[in-house]
Amino acid sequence: MKILNQILLICFILLGTTAYAQESIAVKGQVLDNDGMPLLGASIVIKGTTTGTQTDFDGNYQLNSVPTNATLVVSYIGFITSEIAVNNKTSINVTLQEDAESLDEVVVIGYGEMKSKDLTSAITTIKADELAAVPTGSAMQAMQGKVAGMQVVSSGSPGQGPTIRVRGIGSYNTGASAPLYVVDGMFFDNIDFLNTSDITSISVLKDASASAIYGVRAANGVVLIETKSGAFNKKAEITYDGYTGFQIAQNVLKVANAEQFTTLALESGSAPDAEFILNAMQRYGRSRVNPNVPNVNTDWYDEIIRPAIIQNHSIGITGGSDDVSYSVGANYFGQQGILKMKNEYERFNLRSKIEFKANDRLRVGANTVISNATRYDGENSAWRSAYFAVPILPVYDANLANNPNVFPTNYANAQDLGYRGGQNPFPLLDFNENRTKIRNVLANFYAELDVIPTKLKFKTAYNHNYQTFETRNLGLPYFIGNGFQRQDASLSKSNTTISNQIWDNTLTYKESFGNHNLTVLAGTSFRDESFQSLRATGLNFPLTGEEAYYLDQAQTIVENSVGDGGAREYGFSYFSRVSYNYDDKYLLYGTFRADGTNKYQEKWGYFPTIGAGWVLSEESFMQNNGIFDFLKLRASWGKLGNDNVAGSNGSITSTVVTTALGDTMFSGLNTGSDFTSLKWEVTEETNVGINANFLNNNLSLEADYYVRDTKDAVIPVQRPLIPGTTRQNVGEIRNSGFEMSLNWNKKVSDDFSYSIGGNFSTLKNEVLDLNGQSYIDAGSAEFRQRSIVGEPLFAFYGREIAGVYQNEAEILADPVAVANNLVPGDFKYKENGGDPTTIDDDDRVVLGSYLPTYSYGFNFGFNYKNFDFTATASGQGGNKILNRKRLEVIFTSDTNWDRDFAVNRWHGEGTTNSYPSSAATRKGWNQKLNDYYVEDGDYFRIQNITLGYTINKDGKMKDFPKTRIYLTAEKPLTIFGYNGFSPEVADGVDNQTYPIPAVFTMGVNIKI
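Since this is a predicted model, take the numbers as computed values, not measurements.

J.: Can you walk me through the pairing of strand β16 (residues 222-227) in this structure?
T.: With respect to burial, β16 is a largely interior element, five of its six residues being buried. With four bridges connecting them, strand β13 (residues 180-183) and β16 associate as parallel partners. Its bridge partner being in β16, valine 183 is matched across the sheet by isoleucine 225. Strand direction decides the pairing type here: strand β15 (residues 199-205) and β16, joined by six bridges, are antiparallel. Within β16, the residue paired with isoleucine 202 across the bridge is isoleucine 225.

Set out below in structure tokens:
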């Protein structure tokens, strides 16, 4: 491949030497807006060529070697492009007029760009300035609430990116429902390694028409990321952007305090619970406030949570000469976790992007990102332990201080009070360390040749992403009590190496004749994806520090812990695209991609799309209509492939069976197979939409309705007469919904402008076909989720509560209550199974889905002189959360209760008809999955508030850099009713979710 690329490059250089000389001059000048303010970064290009430059901080430019009869094309985002004939002039100043429509703004699409007004697809683009306001280590976290139809589920753990879903989930394997990320041409499963300040834009390709050019893995949408570039003939610009701040845990879950816990324990009627209370008073004394309560009142969440620091520092240099453009930078990001242990994330990034003009027709370039990160994951089980730990237990126990068997710390042990478990979460925090070193190298090299200037362009690009993950999980020994100990020091290590390569070749032809405008693209893509991993666990190594944390220091290697694995997948693709418009009124767009893979038995997948648009506002009958400044109707249809689903596996097995018939033994062969012969999952999507501008282009509207069907979905299928299941391409899943974005922008005066906008989307997820099966179960029997035709995928499945039994009369009047020996305070269930005398599993119903049925976002901002202010908000509704930690009382009956239950529990007739009694929580009848444990996940959040002030905004202070100082509050307020830390739970099952903190920062941006 290397030799072939060298040969191609030599050929391109030889072809490019045909340029001819002509009389030329140097042209300089200044580009201003219609208010006389200089425009930084305006583009000046010699028409019909790729030769050009950009304006500097003061709007000045200089362009050498300009033919005397040339025409300059001057453009800037948000302004009307202007063409000026040179006519032998050496000084040309340009004033651009504002274009409120911004319809000529270029939008990034797969393997190219298009003007916004020519799109027939559903694409949303977020620019760098909208991302920069969010203090986060993950660029996708900054997208929350900004894109209609895209769900961003936050993660509070340092270094862990959010869960992203574009228009729902379309696979039974939910891990296969993530979008494809494309960074400067390279495919990724996530982009957590990228620094947000290095990104120019993020475009979300939501429908099939937009995504299908990528074919492979595009079924769940595509997220295109462009990193920052330099510019030709631009003076070097140095930028520093940095912030520092702190994180504070929000909406900390309240659990019962010592007095509430004592009341509940005694109310439960459990003799052991009452005895444990007495034991605590004997060991730790009685409270002076209430002598019936132990003199300990531990808030375990308060004990394990801390404020945490976050900081980010980036420096970049961009510029260029006549022949070279460059952009280089470095970044440091550090985030401490709010869990009180070795819990943090640190990342160093280096980047460079260089483009070189070999001659007027050939450009070569390279883009490199090097990321080196270290992540210490929190011990997530500590959140669960803190939820269940009783408040009458202290963190430390002075009674253990002189116990020679206790080491290294005298942490309190609930077993000393009679409880079955130790409960104290601090041994989990202090004697565990989970470190992962993540190294990521992205290298992109390309050559682009104008075979026929302005008409035919050839580009070859090689992308290589090399990642390594070195994980070390350390468990140190401790002893607090029998059964609450770790005897052996343990060290688990794993090394994983991932290498992904893509080689793309594209040929693009553009032609305009009369009112006809045509762009045709054809290309090929080769993919080589591989990984290798090695893992092992050792026991009993010297406890002398970091120098001993190696497997060769361990006394014992756990035999069944050793593993060595790997895989390699190849793919080759052909793709093409045609984009046509007539007179800027009638738009036609189509793509076709053929993907080949060694992953499935069906080697090739074929994915076509087509889109059409009609710009009604260009029609004569719409001129001067008084309502629409711009109006476009569009529709698209297409198929996409998803190869995120695991490949074919399994085997054919034969077993010898021997049996006796009479006095004779007979042998036979029983043959079975669990081999899965798979092909692509295919998503077929129809999208209709509208784009409109109103009120002098101040108000813009974008709306879409879509239906996305995943056909040939891989699902588990029961095998006739044989236990177990096999995976087959026989399922069908539908996602459908409506999306709308509305934005108002208004410039009131030279000193004041403002904007306000919002987006809203709906989602209906539905199982259409399970190959004749009534349902497919997921989760355990205690926490059942069930996929049923006509219902959402993985819906929660359990009993409906009809109330709480209030008195003996109700009990005696209900044969179900009598038959099950129920008492007042127990749940009363709805009868849904047809037999009014019993309540059993047949009475279970769908209790809801973890997918929101609607979501929304708002934004507001203004600029007044040197001040700027922005505020964003987001929310969702219609989804459910299984409060599993509350239901896990089925596994133990001697833990704490949450405060919501303590305050609202049933404790006498008429006190509540929604909550059970404390005694009921210890009884199996009430410990069934039901809608008491499945709660609403609706929330509203103030996402971000930013206030900034810019010094030297107009550039008049020649010796002082343009400096912006800003304050940011990220997620300062979230309103929800769910009884947990956060309503953002990726899979809807909350067992030990890491809290999402509010982040308060102060930052500065300096441009020199």
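That covers the picture; the talk isn't over yet.
J.: How should I be thinking about the sheet that holds strand β14 (residues 186-188) in this particular structure?
T.: The strands that make up a sheet are held in pairs by hydrogen bonds between backbone atoms, and each pair lies either parallel or antiparallel. Taken together, the five strands give an open sheet; going across it, the order is β10-β15-β16-β13-β14, and neighbouring strands pair in mixed fashion. Each end of this open sheet is capped by a strand with a single partner; those strands are β10 (123-127) and β14. Between one strand axis and the next, the sheet turns through 20 degrees on average, direction left out of account. Note that β10 and β15 share five bridges and pair antiparallel. Across the sheet, the residue bridging to lysine 127 is serine 201, located in β15.

J.: Explain the sheet that holds strand β3 (residues 52-54) to me, please; I cannot follow it from the model alone.
T.: Pairing is antiparallel in the open sheet, where four strands are placed in the order β3-β2-β5-β6. Strand pairing shows two members of the sheet lacking a second neighbour, β3 and β6 (82-85), which therefore form its edges. Strand after strand, the sheet turns through a mean of 20 degrees between neighbouring axes, direction not considered.

J.: Any chance you could explain the pattern of salt bridges here in plain terms?
T.: Side-chain pairs of opposite charge can arise where the charged atoms are in close proximity. Taken as a whole and assessed by the stated rule, the structure comprises 52 salt bridges. For the salt bridge of aspartate 709 with arginine 734, the shortest nitrogen-to-oxygen distance reads 2.6 Å. Here the residue aspartate 709 occupies a position in strand β36 (residues 699-719), and arginine 734 occupies one in strand β37 (residues 722-747), the gap between them amounting to 25 residues. For aspartate 709, a relative accessible area of 9% gives the class buried. Taking the relative accessible area as the measure of exposure, arginine 734 reaches 29% and is therefore partly exposed. Through salt bridges that share partners, Arg167, Lys206, Glu685, Arg708 and Glu739 make up one connected network.

J.: So what exactly am I meant to see when it comes to the packing of aromatic side chains here?
T.: Two aromatic rings are characterised by how far apart their centres lie and by the angle between their planes. Using the criterion set out here, one finds 43 aromatic pairs in the structure. Centroid distance phenylalanine 187 to tyrosine 214: 5.8 Å. Interplanar angle 75 degrees. Geometry classified as edge-to-face. With phenylalanine 187 in strand β14 and tyrosine 214 in the loop between α3 (208-211) and β16, this residue pair connects regions lying 27 residues apart in the sequence. Each member of the pair, phenylalanine 187 as well as tyrosine 214, carries the same accessibility label: buried. The positively charged end of lysine 342 is found above the aromatic ring belonging to tyrosine 376, 4.7 Å away from the centroid. Above the ring of tryptophan 925, the side-chain terminus of arginine 799 is found at 5.8 Å from the ring centroid.

J.: Can you help me understand a negative patch on the surface in this one?
T.: On the surface, a cluster of negative charge is made up of Glu831, Asp835, Asp840 and Asp842. Looking at the secondary structure, you find aspartate 840 in the loop between β44 (827-829) and β45 (845-848). For aspartate 840, a relative accessible area of 30% corresponds to the partly exposed category.

J.: For this particular structure, what's the right way to read the confidence of the model for the protein?
T.: Here the protein averages 89 in pLDDT, and 93% of its residues register 70 or above. In this model residues 1-21 is a low-confidence stretch, pLDDT under 50, and it forms 23 contacts with partners more than four residues away in sequence or in other chains.

J.: So what exactly am I meant to see when it comes to the side chain of serine 138 here?
T.: Relative to the helices and strands, serine 138 resides in the loop between α2 (128-132) and β11 (150-153). A polar contact of 3.3 Å, which involves the side chain of serine 138, links it to the side chain of aspartate 192. Sequence-distant contacts of serine 138, that is, excluding residues within four places in its chain, are made with Gly161, Pro162, Asp192 and Thr196.

J.: Can you walk me through the environment of aspartate 959 in this structure?
T.: Examined against the element boundaries, aspartate 959 turns out to sit in the loop between β50 (939-951) and β51 (962-976). When its relative accessible area of 80% is taken as the criterion, aspartate 959 is described as exposed.

J.: I keep staring at the packing of helix α4 (residues 258-267) against helix α5 (residues 271-284) and nothing clicks. Help me out?
T.: For the pair α4 and α5, the least separation of the axes is 7 Å and the interaxial angle reads 145 degrees. Here α4 contributes Phe261, Thr262, Ala265 and Leu266 to the contact with α5, which in turn contributes Asp273, Ala274 and Ile277. In the contact of α4 with α5, the residues fall into five nonpolar, one polar and one charged.

J.: Which parts of the structure should I look at to understand α5?
T.: The periodicity of an α-helix, 3.6 residues per turn, causes residues three or four positions apart to be oriented the same way. End to end, α5 covers 20 Å across 14 residues, agreeing with the expected 20 Å (1.5 Å per residue, within 8%). Along α5, the residues that are buried comprise Asp273, Phe276, Ile277, Ala280, Met281 and Tyr284. Taken around the axis of α5, the buried residues stretch over an arc of 140 degrees, which confines them to a single face. Set apart from the buried face of α5 by more than 90 degrees, the exposed residues are Ala271 and Gln282. Packed against the buried residues of α5 are α4. Glycine 285 occupies a position one or two residues after α5 and carries a positive phi of about 90 degrees.

J.: I would appreciate a short explanation of helix α7 (residues 381-388) in the present structure.
T.: With respect to burial, α7 is a largely interior element, six of its eight residues being buried. Residues Ala382, Trp383, Ser385, Ala386, Tyr387 and Phe388 constitute the buried set of α7.

J.: Could you clarify how one ought to interpret the nonpolar core in this entry?
T.: Proteins that are soluble and globular tend to have nonpolar side chains buried together. Membership of the largest hydrophobic core comes to 90 residues, with the highest contact counts inside it found for Tyr301, Ile304 and Ile392. Setting aside residues up to four positions removed in sequence, isoleucine 304 forms contacts with Ile338, Leu339, Lys340, Ala382, Trp383, Ala386, Pro425, Phe426 and Leu429. Formed by 60 residues, the second largest nonpolar core is a distinct cluster that contains Ile126, Leu131, Leu194 and Ile213.

J.: Help me understand unusual backbone geometry in this model?
T.: Generally, phi is negative for residues other than glycine and the peptide bonds are trans, each holding for most cases. A cis geometry characterises the amide bond from phenylalanine 407 onward to proline 408, with omega recorded as -10 degrees. Checked against the element boundaries, proline 408 lands in the loop between α7 and α8 (426-430). With a phi close to 55 degrees, phenylalanine 794 is a non-glycine residue in the positive phi region. Note that phenylalanine 794 resides in the loop between β41 (785-788) and β42 (795-798).

Quick notes on the rules
- Residues numbered from 1 in each chain as written.
- Predicted model: local features only at pLDDT ≥ 70, side-chain atom pairs only at ≥ 80, totals over all residues.
- Heavy atoms only, no water.
- Buried < 20%, exposed > 50% of the residue type's maximum accessible area, 1.4 Å probe, protein only.
- Helix = DSSP H or I, 4+ residues; strand = E, 2+ residues; numbered from the N terminus.
- Pairing = 2+ DSSP bridges.
- Axes fitted to C-alpha atoms, helices over the stretch in contact; angles between N-to-C directions.
- Salt bridge = Lys/Arg side-chain N within 4 Å of Asp/Glu carboxyl O.
- Phe/Tyr/Trp six-rings, centres within 6.5 Å; stacked < 30°, edge-to-face > 60°.
- Lys NZ or Arg CZ within 6 Å of the ring centre and 35° of its normal.
- Patch = residues over 30% accessible without salt bridge, like charges linked within 9 Å, V, L, I, M, F, W, Y side chains within 5 Å.
- Areas by Shrake-Rupley, 256 points an atom, 1.4 Å probe, with all protein chains shown as cover.
- Lys, Arg positive; Asp, Glu negative; His and termini not counted.
- Charge placed at Lys NZ, Arg CZ, Asp CG, Glu CD.
- pLDDT = per-residue confidence, 0-100.
- Contact = heavy atoms within 4.5 Å.
- Polar contact = N/O pair within 3.5 Å; in protein donor to acceptor, adjacent residues only side chain to side chain.
- Nonpolar A, V, L, I, M, F, W, Y, C, P; charged D, E, K, R; others polar.
- Expected span 1.5 Å × (residues − 1).
- Arc of directions from axis to C-beta.
- Core = buried A, V, L, I, M, F, W, Y, C linked by side-chain atoms within 4.5 Å.

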